[in-house]
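Here is what each chain is made of, one letter per residue.
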Amino acid sequence: MTMRPFIWAISLIFSLAISCSAQKKVIYKKDKGLLRVIETDFKDAAGQYKMLAKNLPVDKFPKTWFPSTEKYEFSSSEWWCSGFYPGTLLYLYEQTKDPSLYTEAERILKVLEKEKNNTSTHDLGFMMFCSFGNANRIAAKPEYKDILLTSAKSLCTRFNPKVGCIRSWDSKAGDFLVIIDNMMNLELLFWATKVSGDSSFYKIAVTHANTTIKNHFRPDHSSYHVLNYDAETGVVKQKRTAQGAADGSAWARGQAWGLYGFTVMYRETKDPVYLEQANQIARFILDHPNLPADKIPYWDFNAPGIPDALRDASAASIMASALLELSGYADSKVSKEYIVIAEKMLKTLSGTAYKAAAGTNGGFILQHGVGHMPNKTEIDVPLTYGDYYFIEALIRYKNL
Ligand code: GLY
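This write-up is about the structure you can find in this document.

Conventions we followed
Residues numbered from 1 in each chain as written. Predicted model: local features only at pLDDT ≥ 70, side-chain atom pairs only at ≥ 80, totals over all residues. Heavy atoms only, no water. Pairing = 2+ DSSP bridges. Helix = DSSP H or I, 4+ residues; strand = E, 2+ residues; numbered from the N terminus. Axes fitted to C-alpha atoms, helices over the stretch in contact; angles between N-to-C directions. Expected span 1.5 Å × (residues − 1). Buried < 20%, exposed > 50% of the residue type's maximum accessible area, 1.4 Å probe, protein only. Near = heavy atom within 4 Å. Polar contact = N/O pair within 3.5 Å; in protein donor to acceptor, adjacent residues only side chain to side chain. Areas by Shrake-Rupley, 256 points an atom, 1.4 Å probe, with all protein chains shown as cover. Nonpolar A, V, L, I, M, F, W, Y, C, P; charged D, E, K, R; others polar. Contact = heavy atoms within 4.5 Å.

Some remarks on the sheet that holds strand β6 (residues 226–230)
Part 1: With respect to topology, three strands assemble into an open sheet ordered β5-β6-β7, the strand pairing being antiparallel. At either end of the open sheet lies a strand with only one pairing partner, and these are β5 (175–179) and β7 (236–240). Neighbouring strand axes in the sheet, compared pairwise and without regard to direction, differ in orientation by 20° on average.
Part 2: Judged from the four bridges that link them, β6 and β7 form a sheet pairing that is antiparallel. Bridged to L227 within β7 is K239.

In structure tokens:
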């Protein structure tokens, strides 16, 4: 199914026109102090990632580092986080122009490449777009394009038209599990339609997002983590959690993935339904009585033990990055609010409570992420995605 070039050209011009006018609406004076902090953050982060690179086994990817034992946990390329290390190296290379960061990114991309054929995960957007997507943006190469298109095709094998979603986790026959995190894998599909002209990628992304709006959200605009659909009929069988405090709770990173995902949906389609969805998720987060004054969320908005519950720096990084993009689409009053909150998040994350001192934290940039509380894994540790979205958010603020 190939969209005609004429329709594409018109829709591209229309999108650009709306996008430019949306971007022009807000004139915001950036915080000069924060801009100085950001430049220091880039230099410090580059130093940390060089340390991380030195400690990395040749065919492995960083997962985390445990402050209590001072030991690393590494992963193979199949782990959902494998794209964040190369992605962060590439962002930091762009900011520092340190060629050793680029060389290390190119090395690890070769280890990652084989995942383009992986059809057993929905995480190919995270894995391949945060890595090869950034590499291709910085220096486009035919092999990167090929890897990304192959990855997009692999991801689409998991789409079930009856359910209207891409399958997140494999499970027993008849079940079809979809998690809110999956919204983050759709950007790869929009890219694939733009470069190939094949609109089937675009249609799958839009269908997945529309099904998610219909079923994944509660009346207060928070989202469930996991939905179990009947694979044959598409009927929702269960709404539950895996990484949150309870089925009915608002797992902080899940809210962050939704916010970011629907912001990307609006960027790529200009459909106001997605802008409204992103704004509603933002309202849930920003107006929540359990969002602390420093704006770093607890790992779950309904975590037991608040105010003594652990915070999740990774959720704050993702939210800050998403809010900064969303500020370019929202109306001016709300836009300013999003920027002010993102500034607060970035200042807090850049402070000593969260940003690791040079030569500590195993070379990771941020401390205090929560990976999987119910599993009791990766609790109060650095996380590669926390680092990636933190650096992305700093870049977005700098480029506002
Ligand atoms: N499931 C991906 C995450 O932990 O956010």
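A closer look at helix α9 (residues 252–269)
Part 1: If you check α9, its first and last C-alpha atoms are 26 Å apart, about what 18 residues at 1.5 Å a residue would give, namely 26 Å.
Part 2: Within α9, 17 of the 18 residues are buried, leaving the element largely enclosed by the surrounding structure.
Part 3: Two residues or fewer after α9 comes K270, characterised by a positive phi angle close to 60°.

Describing unusual backbone geometry
Part 1: Note that the residue after I306, namely P307, is joined by a cis bond; omega there is 20°.
Part 2: Backbone geometry at E70 places phi at a positive 55°, although glycine is not the residue there.
Part 3: Here E70 lies in the loop between β1 (61–66) and β2 (71–75).
Part 4: Classification of E70 by relative accessible area gives exposed; the value is 59%.

Description of the site of the ligand
Part 1: Surveying the vicinity of the ligand reveals the residues W80, D181, Q243, W251, R253 and W257.
Part 2: Within the side chain of Q243, a nitrogen or oxygen atom sits 2.7 Å from an oxygen atom of the ligand.
Part 3: Burial of the ligand by the surrounding chains reaches 92%, relative to a free accessible area of 200 Å².
Part 4: Partitioned by chemical class, the residues of the shell around the ligand number three nonpolar, one polar and two charged.

Details of the side chain of E268
Part 1: Positionally, E268 belongs in helix α9.
Part 2: Take E268: its relative accessible area is 15%, and that puts it in the buried class.
Part 3: A polar contact of 2.8 Å, which involves the side chain of E268, links it to the side chain of K194.
Part 4: For E268, the residues in contact, after removing those within four places along its chain, are F190, K194 and Y202.

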